[in-house]
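What follows is the residue order along each chain.
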Amino acid sequence: MSNETTGSVSAPTTGPDRLQKFIFDNAAVRGQFIDVSSTWQEVVTRHDYPLAVKKVLGEMVAAAALLSANLKFNGSIIMQIHGDGPVRLMVVECDSELRLRATAKLDPDAVIGDGATVPQLLNASGKGRFIITLDPADKVPGQQPYQGIVPLDGDDMATVIENYMLRSEQLDTRLWLATDDSTSRGLLLQKLPHHGGKAEATPVSEEDALETWNRAVMLASTLKEEEILATDIDTLMQRLFWEETIRVFDPLHPSFHCTCTREKVGNMLKMLGEEEVNSTLDEIGHVGVNCDFCGQRYDFDKVDCAQLFITDAPAEVLIPPASSIN
């Protein structure tokens, strides 16, 4: 459902977190605002990350939901950065229902200043990699997830993702992201392929479409990080695009959700192998696993572990949920 609006932009919300889609009328430009602050709080209350790590991971959470909302498939988008700095890994997963979880792994000896940038955190030697994986929930036998891997190119997360989208998807994409301890918000604009007016109710020239895109980007570029953090979605939309004719869609509502289960942890232990599991059992008498994402602990005694290795082979686990085994 959508409603066409000129001048004043407003859309109701029924949940604490909200993703608001809109398109510019008669122009190949679409956009999305997101406020994922409640979901972000579910992440940060489970981890004690340095301030600079929180900022980057929170921006990834907002960005993953923004990208996932444009996908037309049943499955998950998994956004990963493999770093070569004090932060070794950042992972955000978002499924087709906009359920999110996130985690980061730091070097045990990491010393991170509050103002550390993406290159300082994750690309100290230029070997950082940015990866987006699309993992369908309804894979046919033998089907592998789609994965795009590019160098970590950019001084902040918005630029990293913009460069990825242009390089891998050939889509002009602009992002404005902002995160602090309590809030995570963002705006995405995309310039869609122009069809010469054939699909539009009112034909629009490529020149006019480009002008609309440039104007939208110019308006959004006036946003400051402090303004995004302090201002709700409706106010931001009206403040930026009050002179535009845009179509606003029913809001979507992201949420925190961890997919870890005892069965998945058992499969991970199988992948480690019986010898390693038995070594831990011999040392401390049980195997304990904490989920990286939500902190849930799973304990396996000797009987539990014995049962693991007399059942069928494990299913593939794309992202191991274990943060520690003891």
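Note that this is a predicted model, so its numbers are computed, not measured.

This part is about the sheet that holds strand β5 (residues 87-95). One open sheet holds the six strands; their spatial order is β8-β7-β4-β5-β6-β12, and the pairing between them is mixed. Both edges of this open sheet fall to β8 (146-151) and β12 (255-256), since each of them pairs with a single strand only. The strands touched by helix α4 (residues 157-169) are β4 (75-82), β7 (129-136) and β8; relative to β8, the strand with the most contacts, the crossing angle is about 120°.

The subject of this paragraph is the confidence of the model for the chain. Per-residue pLDDT for the chain averages 86, and the proportion of residues at 70 or more is 87%. The low-confidence segment residues 1-15 (pLDDT under 50) makes 39 contacts with residues lying over four places distant or belonging to another chain.

Another aspect to go through is helix α1 (residues 37-44). Within the sequence span of α1, burial applies to Ser 37, Thr 39, Trp 40, Val 43 and Val 44. Projection of α1 onto a plane perpendicular to its axis shows the buried side chains occupying an angular sector of 155°, all on one side. Contact partners of the buried residues in α1: β3 (29-35), α2 (51-68), β6 (99-106), β9 (172-179), β10 (184-191) and β12.

This part takes up the packing of α2 against α4. A pair of packed helices is captured by two measures, namely the crossing angle of their axes and the spacing between those axes. Running from N to C, α2 and α4 point in directions that differ by 35°, and their axes come no closer than 10 Å. Crossing of α2 against α4: the hand is right-handed. For the pair formed by α2 and α4, the contact residues are Val 56, Glu 59, Met 60, Ala 63 and Leu 67 on the first element and Met 157, Ile 161 and Met 165 on the second.

Turning our attention to the side chain of Ser 184. Relative to the assigned elements, Ser 184 resides in strand β10. Excluding anything up to four places from it in sequence, Ser 184 contacts Ile 34, Asp 35, Val 36, Ser 37, Trp 40, Gly 58, Ala 62, Ala 178 and Thr 179.

With that out of the way, let us pick up the nonpolar core. Counting residues in each nonpolar core, the largest one holds 71 residues, and the members touching the most others are Met 90, Phe 130 and Met 157. Take this core: its biggest share by element is twelve residues, from α2. Those residues in contact with Phe 130 that lie beyond four places of it in its chain are Met 79, Gln 80, Ile 81, Gly 148, Ile 149, Val 150, Pro 151, Leu 152, Met 157, Val 160, Ile 161 and Tyr 164. Ranked by size, the runner-up nonpolar core spans 23 residues in total, among them Trp 213, Ile 228, Leu 229 and Phe 241.

Note on pairing: side chains with opposite charge can pair once their charged atoms come close. Going through the model one piece at a time under the given rule, you end up with 19 salt bridges. The salt bridge involving Arg 167 is made with Asp 153; its shortest N-O contact spans 3.7 Å. Residue Arg 167 is found in helix α4, and its partner Asp 153 is found in the loop between β8 and α4; the two are separated by 14 residues along the sequence. Judged by its relative accessible area of 35%, Asp 153 falls in the partly exposed class. Arg 174 is paired through a salt bridge with Glu 162; the nearest N and O atoms lie 3.3 Å apart. One end of the pair, Arg 174, is in strand β9; the other, Glu 162, is in helix α4, with twelve residues separating them in the sequence. On the accessibility criterion, Arg 174 (29% relative accessible area) is partly exposed.

Turning our eyes to something else, we now look at unusual backbone geometry. Notably, Leu 98 is not glycine yet its phi reads approximately 60°, a positive angle. When its relative accessible area of 4% is taken as the criterion, Leu 98 is described as buried. Positive phi values are uncommon outside glycine, yet Gln 170 reaches one of about 55°. Along the chain, Gln 170 turns up in the loop between α4 and β9.

With that settled, the discussion passes to the packing of aromatic side chains. Counted according to the given criterion, the structure contains five aromatic pairs. Relative to Phe 241, the ring of Phe 22 lies with its centre 5.6 Å away and its plane at 45°, an arrangement referred to as tilted. Of the two residues, Phe 22 is situated in strand β2 (residues 18-24) and Phe 241 in helix α7 (residues 233-241); the sequence distance between them amounts to 219 residues. Grouping aromatic residues by their ring pairs yields a cluster made of Phe 22, Phe 24, Phe 33 and Phe 241. Over the face of the ring belonging to Phe 293 we find Arg 101, whose NZ or CZ atom lies 3.9 Å from the ring centre. Positioned over the ring face of Phe 300 is Arg 262, at 4.1 Å from the centre of the ring.

Moving on, we come to the pairing of β7. Across the eight residues of β7, seven count as buried, placing the element largely inside the fold. Bridging between β4 and β7 involves eight bridges; their strand directions are antiparallel. Bridge pairing in β7 links Gln 80 to Ile 131. The pairing of β7 with β8 spans six bridges and is classified as antiparallel. Each bridged residue has a counterpart across the sheet, and for Leu 134 the counterpart in β8 is Tyr 146.

This next bit is on the pairing of strand β13 (residues 287-291). Every other side chain in a regular strand lies on the same face of the sheet, so the side chains alternate between the two faces. For β13, the buried fraction is high: five of the five residues fall into the buried class. Residues Val 287, Val 289 and Cys 291 of β13 are buried on one face, and the alternating residues Gly 288 and Asn 290, pointing to the opposite face, are buried as well. Here β13 runs beside strand β14 (residues 297-300); their pairing, made up of four bridges, is antiparallel. Its bridge partner lying in β14, Val 289 is registered against Tyr 298. The antiparallel hairpin formed by β13 and β14 contains five residues in its connecting segment, where Gly 295 sits at a positive phi of about 85°.

Calculation criteria
Residues numbered from 1 in each chain as written. Predicted model: local features only at pLDDT ≥ 70, side-chain atom pairs only at ≥ 80, totals over all residues. Heavy atoms only, no water. Pairing = 2+ DSSP bridges. Helix = DSSP H or I, 4+ residues; strand = E, 2+ residues; numbered from the N terminus. Contact = heavy atoms within 4.5 Å. Axes fitted to C-alpha atoms, helices over the stretch in contact; angles between N-to-C directions. pLDDT = per-residue confidence, 0-100. Buried < 20%, exposed > 50% of the residue type's maximum accessible area, 1.4 Å probe, protein only. Arc of directions from axis to C-beta. Left-handed = near helix turned anticlockwise from the far one by under 90°. Core = buried A, V, L, I, M, F, W, Y, C linked by side-chain atoms within 4.5 Å. Salt bridge = Lys/Arg side-chain N within 4 Å of Asp/Glu carboxyl O. Phe/Tyr/Trp six-rings, centres within 6.5 Å; stacked < 30°, edge-to-face > 60°. Lys NZ or Arg CZ within 6 Å of the ring centre and 35° of its normal.

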